[in-house]
Amino acid sequence: MQRDLVEYFNGKAKGASEAEKNVDAHQSVELQETIKVWEHASLDTSDYCPDVECAWGKVKSRLSVEKKEFALRYFYWAAASLALIVGSYFVFQSTVTSQAFSETAVVNANEKVKEITLPDGSSVWLNANSQISYSEDEPRNIKLKGEAYFKVTHDAEHPFVVESNGMTAKVLGTEFNLKNTKEGVRLAVIDGTVEASALEKVLMLQKNQQVDVVMKDNVIRRSDITDMNFLSWKTGMMTFSNQPLDKVLKQVQDHYHADITLDNEALKACKLSVTLKNLSLQESLNVIATLLNGSVEQKGGSYVVLAEPCEN
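Residues numbered from 1 in each chain as written. Predicted model: local features only at pLDDT ≥ 70, side-chain atom pairs only at ≥ 80, totals over all residues. Heavy atoms only, no water.

As for its position among the elements, Leu285 is in helix H7 (residues 281–291). Since its relative accessible area comes to 0%, Leu285 is described here as buried. Through-space distance from the C-alpha of Leu285 to that of Val296 is 6.8 Å; in sequence the pair is eleven residues apart. Apart from the residues within four sequence positions on either side, Leu285 is in contact with Leu249, Val252, Ile260, Val296 and Tyr303. (Helix = DSSP H or I, 4+ residues; strand = E, 2+ residues; numbered from the N terminus. Buried < 20%, exposed > 50% of the residue type's maximum accessible area, 1.4 Å probe, protein only. Contact = heavy atoms within 4.5 Å.)

Counting residues in hydrophobic clusters, the biggest one holds 32 residues, and the most contacted among them are Ile132, Phe150, Phe176, Leu178 and Leu187. Apart from the residues within four sequence positions on either side, Phe150 is in contact with Ser123, Val124, Ile142, Leu144, Phe160, Val162, Thr174, Glu175, Phe176 and Leu178. With 24 residues, the next largest nonpolar core counts Leu267, Ala289, Leu292 and Val296 among its residues. (Core = buried A, V, L, I, M, F, W, Y, C linked by side-chain atoms within 4.5 Å.)

On inspection of all chains with the given rule, the structure shows five salt bridges. A salt bridge links Lys143 to Glu163; the nearest nitrogen and oxygen atoms lie 3.0 Å apart. With a gap of 20 residues between them, Lys143 in strand S5 (residues 138–145) and Glu163 in strand S7 (residues 160–164) connect regions that are remote in the sequence. A relative accessible area of 47% places Lys143 in the partly exposed class. The class of Glu163 is partly exposed, set by a relative accessible area of 37%. Between Asp254 and Lys250 there is a salt bridge, and its shortest N-O distance comes to 2.7 Å. Of this pair, Asp254 and Lys250 both sit in helix H6 (residues 245–256), separated by four residues, roughly a single helical turn. The class of Lys250 is partly exposed, set by a relative accessible area of 44%. (Salt bridge = Lys/Arg side-chain N within 4 Å of Asp/Glu carboxyl O.)

Laid out in structure tokens, this is it:
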């Protein structure tokens, strides 16, 4: 092989040789590389070798240099490519991290009331089984499911907005309670002023005013707050003054999320005056039953109040 290649190169240099015919086809790759080296070598005849072994040694030496240069160029190319990939990865990670910080924050209250402080300093009390969500970039834009009490930090340049079941409450700094159900929404203002928008109407509510929205009837009603027991889930206190028993039990049911019935429908006419503060469901029912000279029975997950009809 070495002798044939040398004869091939000598023949090329002289212009004619039979050596070219003797080179196998499968040696074409090596031949092409060797030709390149030979062409470079032929430019300089100062180190001419008169014999085959000398000539082949010079060819191998130049081939080795060519391959080293190619390997070095490949190394630099691979290093540059790796740097580009690594750089792209860190840019991608940085973008993903940046997006993660702007994602929506979600806060849930499961079986009990949960108090949280928003990034702007506002306080929120979430009723059981309720949820709020907001963008971490815009913590004063809230979405509510269920019921929550808001004590909003004043910021004249950034209104505080809560959206819930078709109603939008917009404030600068105030306290209000917002509750939504399948039927509609109730917004009650405890302090300050709230702008309420629903059913393409806008109402301004002052302290001790509330608005009820019934979606299915397309009705929106504003009224004065006359009963503060709707906040019992937050305050832990219910106060009744000469109230019918059925209304009292309705409030107790809503507060404890319990099923309560009367053994005798005539008991609905009974009127009670009582304050229930920080009591368990069983304790509250025992107080009511005592005032009626009756008792309470638990049947499964329900409670039954037993008593004689009232004389009042």
